[in-house]
Amino acid sequence: MQPELCPCESAIPLKQCCDPLIRGDSSATTAEQLMRSRYTAYALHAFQYVAKTWHPSSRPAELAQLLQNDSVGTLWQGLSIVETYAGPTVDEAYVTFFARYTSDQQPDWIYETSRFVRENNHWYYIDGVHKIPGRNETCPCGSQKKFKKCCVR
């Protein structure tokens, strides 16, 4: 039997990829690794981890409970990392991602450039800028199709 692959689409088994981060056995060493583990936490409904990795300066109050309430009927279907790049200091980085999901059986997506900061050797999500691809642009999901013929449907 094949081990369960990680929802972050790293092609690595969950137990060796994001699971140790979510369980607290290890910490993310890069902003991209934190982004992938946060996506996996959403997919697994591990909302305490999402809250723990959201920087306290921008974390909404009662975040884990809010996410739990909002996640009913949500199924995460895939993550594409579009771009990662360093910020102005070694303790800041950006990850642009495209995540697909269904909510109450309706397809939807999030396209965002997220900002991460590192404090005391721990990466945290700070905030993000939502993006909307043009209809004729290549879909950020990685399909190589035009957005209007892919995820916009």
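See the structure above.
Residues numbered from 1 in each chain as written. Predicted model: local features only at pLDDT ≥ 70, side-chain atom pairs only at ≥ 80, totals over all residues. Heavy atoms only, no water.

**Overview of the packing of aromatic side chains**
- Under the definition given, this model contains 10 aromatic pairs.
- Consider the rings of Tyr-42 and Phe-47, whose centres lie 6.1 Å apart with planes at 70°: the pair is edge-to-face.
- A residue is classified by how much of its surface remains accessible, and Phe-47, at 4% relative accessible area, is buried.
- Judged by centre distance (5.6 Å) and plane angle (25°), the ring pair of Phe-98 and Trp-109 falls under stacked. Taken together, the residues span a long stretch of sequence, with Phe-98 in strand S2 (residues 92–103) and Trp-109 in strand S3 (residues 106–119) at a distance of 11 residues.
- Each member of the aromatic cluster is reached from another via a ring pair, and the members are Tyr-39, Tyr-42, Phe-47, Trp-76 and Tyr-101.
- Over the ring of Tyr-111 we find Lys-131; its NZ or CZ atom is 5.5 Å from the centre of that ring. (Phe/Tyr/Trp six-rings, centres within 6.5 Å; stacked < 30°, edge-to-face > 60°. Buried < 20%, exposed > 50% of the residue type's maximum accessible area, 1.4 Å probe, protein only. Helix = DSSP H or I, 4+ residues; strand = E, 2+ residues; numbered from the N terminus. Lys NZ or Arg CZ within 6 Å of the ring centre and 35° of its normal.)

**Here's the deal with unusual backbone geometry**
- A positive phi is found at His-45, a non-glycine position, where the angle reads about 60°.
- Assignment of secondary structure puts His-45 in the loop between helix H2 (31–44) and helix H3 (47–52).
- In the Ramachandran plot, Asn-121 falls in the positive-phi region, its phi being about 65° despite a non-glycine side chain.
- Assignment of secondary structure puts Asn-121 in the loop between S3 and strand S4 (122–130).

**Here we look at the sheet that holds strand S1 (residues 74–86)**
- Taken in spatial order, the 4 strands of this open sheet run S1-S2-S3-S4, and their pairing is antiparallel. Where the open sheet ends on each side, the last strands, each with one partner, are S1 and S4. Between one strand and the next, the sheet's axes are offset by a mean angle of 30°, whatever the strand orientation.
- Of the pairings in the sheet, the one linking S2 to S3 comprises 12 bridges and is antiparallel in character. Of the residues in S3, the one forming a bridge with Thr-102 is Pro-107. (Pairing = 2+ DSSP bridges. Axes fitted to C-alpha atoms, helices over the stretch in contact; angles between N-to-C directions.)

**Observations regarding the pattern of salt bridges**
- Inspection of the entire model under this criterion finds 8 salt bridges.
- Glu-9 is the partner of Arg-100 in a salt bridge, and the nearest nitrogen-oxygen pair spans 3.7 Å. On the criterion of sequence distance, the pair formed by Arg-100 in strand S2 and Glu-9 in the segment before helix H1 (19–23) is long-range, its members being 91 residues apart.
- Among the residues examined, Glu-9 registers a relative accessible area of 42% and is labelled partly exposed.
- The closest approach of N and O atoms between Glu-92 and Arg-115, which form a salt bridge, is 3.8 Å. With a gap of 23 residues between them, Glu-92 in strand S2 and Arg-115 in strand S3 connect regions that are remote in the sequence.
- A relative accessible area of 14% places Glu-92 in the buried class.
- Because the salt bridges share partners, they merge into one network encompassing Lys-15, Asp-19, Arg-23 and Asp-25. (Salt bridge = Lys/Arg side-chain N within 4 Å of Asp/Glu carboxyl O.)

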